[in-house]
Amino acid sequence: MSLIQSPKPAPADSPATDPTTVPASAPATGPAVAVERPRSGPAALLGLLTAAGGPRYAAALLVDALGTGLLRPFLLLYGIGVLALDAGAAGLAMSAGMVAGLLVLPLTGRWIDLGARSLPAAATLLVRAAGSVTLLLADGVAGFTAAAVLLGVGSQSWPATHAAVVSTLTEGRTRDAALAAGRTLRNAGLGAGALLATLAVAGGTGTLKLLAGITAAACLLAAGLVHSLRVSAPPVAAPQPETSSATAAPAPDPALRRITLLSVANLPFAFTFDVLEVALPALLVLHLHASAAWSSGIFVGNTVLVISLQLAVVLRTGERSRHSVLAAGGFALTLSYLGFWAAGGLGGTVAAGAVAAVSVLYTFGEILYSGSGTALVAATAPPHLLGRALARWELSMGVGRALAPAALTALLAVGPGALWPVLAGATLLSSVAVARLRPRG
């Protein structure tokens, strides 16, 4: 079955589409069919997932998330334990994979702008399957590096291709909710996959190879499911710019320029996830001398809250400007960073408990940020520049996440008094910039 639709542009901050109304997948020549869905709960999650690609796409998201969750926790261990690589060499190979993925992102964006939708998404999954197979065949640094590059390319391009598919099949606030539903399912799959991997790693190197094989099969299956949708969009011609003469250079698209500025402002926001995975564990264990169980508990609590509340928060904030929601997420994160700074001064178990309490505010800021960022870009981008806009946003996300571990640990080495004020100040400036970038009038 061929499902060919054009992207449906919607005003960047107009709540014209009721988030409880889900347009059914239909050919571009026919009208969208509105189906009422509950505002929250498993039924709403299922309805939104099937609206954005149907049951096959929802199944592909789940299979992909489980496979990725299996691979992510043990990739470094695979290089060290199975291939007997030096930890530094394995880490360098993984960094090379991330850099390669970032370099490919602009090409992915241009591919999307040619009208491709499900094909790029399926291709990213195939590349990751190839990376897992290469990992199984690797016998040294060169093979491990090749696998890391393939996995990095596929992983970095996936969010943009996924958002493009969803943006083609949904519109307005329904698109926001569908993106949130996909993130909820992906987070759940990543958590389940990571748990299975943690249990299986105790089985030794043979189990690690088995996990790599399962990951390859999962990505291959997900690629087949995505490609079977055959979703595409006819290329949209760029509007002819007004110029003073025939030889004058066309002016840059103002919407793409605004997205570029948003992407720059996103860099401090992108540090958010490594605060949970890097900064807080280091603060608790190295500076507060608390048990590692505190950081594990905070991580699990964060995961549960994100899975439970992400979709509900996106639906609840559906009447508000996406710029305002994104800025509000930044303000909440800023307050949480200052809260971590204050909590760290208490000392002992009391400090660890205070850090855990402040992490709830941090999680709320993360939910607001992740629930509005990609949706804002998808809503703001002109149809003929959707791919490039999504690629720029994901590029800023990838650059921020690549810089975060080194920057956070360097600041924390100086002391909590250096880390948290700098992080809070940078995030606050970005939040103000996001608010000021909202279109006026």
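Residues numbered from 1 in each chain as written. Predicted model: local features only at pLDDT ≥ 70, side-chain atom pairs only at ≥ 80, totals over all residues. Heavy atoms only, no water.

Considering the packing of helix α10 (residues 272–287) against helix α15 (residues 416–436)
For step 1, the next point in the chain: One way to put it is that α10 packs onto α15 with a least axis distance of 12 Å and a crossing angle of 155 degrees. In this view, α10 runs roughly antiparallel relative to α15, as classed from their interaxial angle. Helix-helix and strand crossings are classified by hand; for α10 and α15 the assignment is left-handed. For the pair α10 and α15, the contacting residues are V275, A279, L280, L283 and H287 in the first and P416, L419, W420 and L423 in the second. (Axes fitted to C-alpha atoms, helices over the stretch in contact; angles between N-to-C directions. Helix = DSSP H or I, 4+ residues; strand = E, 2+ residues; numbered from the N terminus. Parallel < 35°, antiparallel > 145°, perpendicular 65-115°, else oblique. Left-handed = near helix turned anticlockwise from the far one by under 90°. Contact = heavy atoms within 4.5 Å.)

Examining empty space enclosed by the protein
For step 1, the next point in the chain: For the coordinates displayed, the defined rule picks out three cavities of 30 Å³ or more.
For step 2, the next point in the chain: As a volume, the largest cavity reaches approximately 100 Å³.
For step 3, the next point in the chain: For the largest cavity, the lining is made up of 15 residues, of which D176, T317, V325, G371 and S372 are closest to its centre.
For step 4, the next point in the chain: Going through the elements one at a time, α7 (172–201), α11 (292–316), α12 (322–344) and α13 (348–380) are the ones with two or more residues in the lining of the largest cavity.
For step 5, the next point in the chain: Top element by residues in the lining of the largest cavity is α13. It accounts for five residues.
For step 6, the next point in the chain: For the lining of the largest cavity, the residue count by class is six nonpolar, five polar and four charged. (1 Å grid on protein atoms, 1.4 Å probe; cavity = no way out; pocket = protein on both sides within 12 Å on 5 of 7 lines; lining within 4 Å. Points joined across faces, edges and corners; volume = space filled by probe spheres on them. Nonpolar A, V, L, I, M, F, W, Y, C, P; charged D, E, K, R; others polar.)

Description of helix α6 (residues 141–169)
For step 1, the next point in the chain: Under the 1.5 Å per step criterion, the end-to-end length of α6 is 42 Å for 29 residues, consistent within 8% with the ideal 42 Å.
For step 2, the next point in the chain: At W158, α6 shows its maximal bend, which comes to roughly 35 degrees, and the proline P159 appears one to four places after that position. (Expected span 1.5 Å × (residues − 1). Bend = angle between axes of the 7 residues up to and from the residue.)

Description of unusual backbone geometry
For step 1, the next point in the chain: Non-glycine residue R230 carries a positive phi angle of around 55 degrees.
For step 2, the next point in the chain: With respect to the helices, strands and loops of the structure, R230 is situated in the loop between α8 (205–227) and β4 (231–232).
For step 3, the next point in the chain: Backbone geometry at H289 places phi at a positive 55 degrees, although glycine is not the residue there.
For step 4, the next point in the chain: Inspection of the secondary structure assignment puts H289 in the loop between α10 and α11.

Description of the nonpolar core
For step 1, the next point in the chain: Ranked by size, the top nonpolar core spans 59 residues in total, and within it V275, L280, Y337, F340, V355, L408 and W420 carry the most contacts.
For step 2, the next point in the chain: Among the elements that line this core, the one with the most residues is α13, at ten residues.
For step 3, the next point in the chain: Other than its neighbours up to four places away in sequence, Y337 contacts T272, V275, Y362, W420, L423, A424 and T427. (Core = buried A, V, L, I, M, F, W, Y, C linked by side-chain atoms within 4.5 Å. Buried < 20%, exposed > 50% of the residue type's maximum accessible area, 1.4 Å probe, protein only.)

Things to note about the packing of α10 against α13
For step 1, the next point in the chain: Running from amino to carboxyl end, α10 crosses α13 at an angle of 175 degrees, the nearest separation of the two axes being 11 Å. Judged by the inter-axis angle, α10 sits roughly antiparallel to α13. Side by side, α10 and α13 meet where T272, F273, V275, L276, L280, L283 and L284 of the first sit next to A352, V355, Y362, E366 and Y369 of the second.
For step 2, the next point in the chain: Of the residues in the contact of α10 with α13, the class split is ten nonpolar, one polar and one charged.

This is a description of form; function is not addressed.
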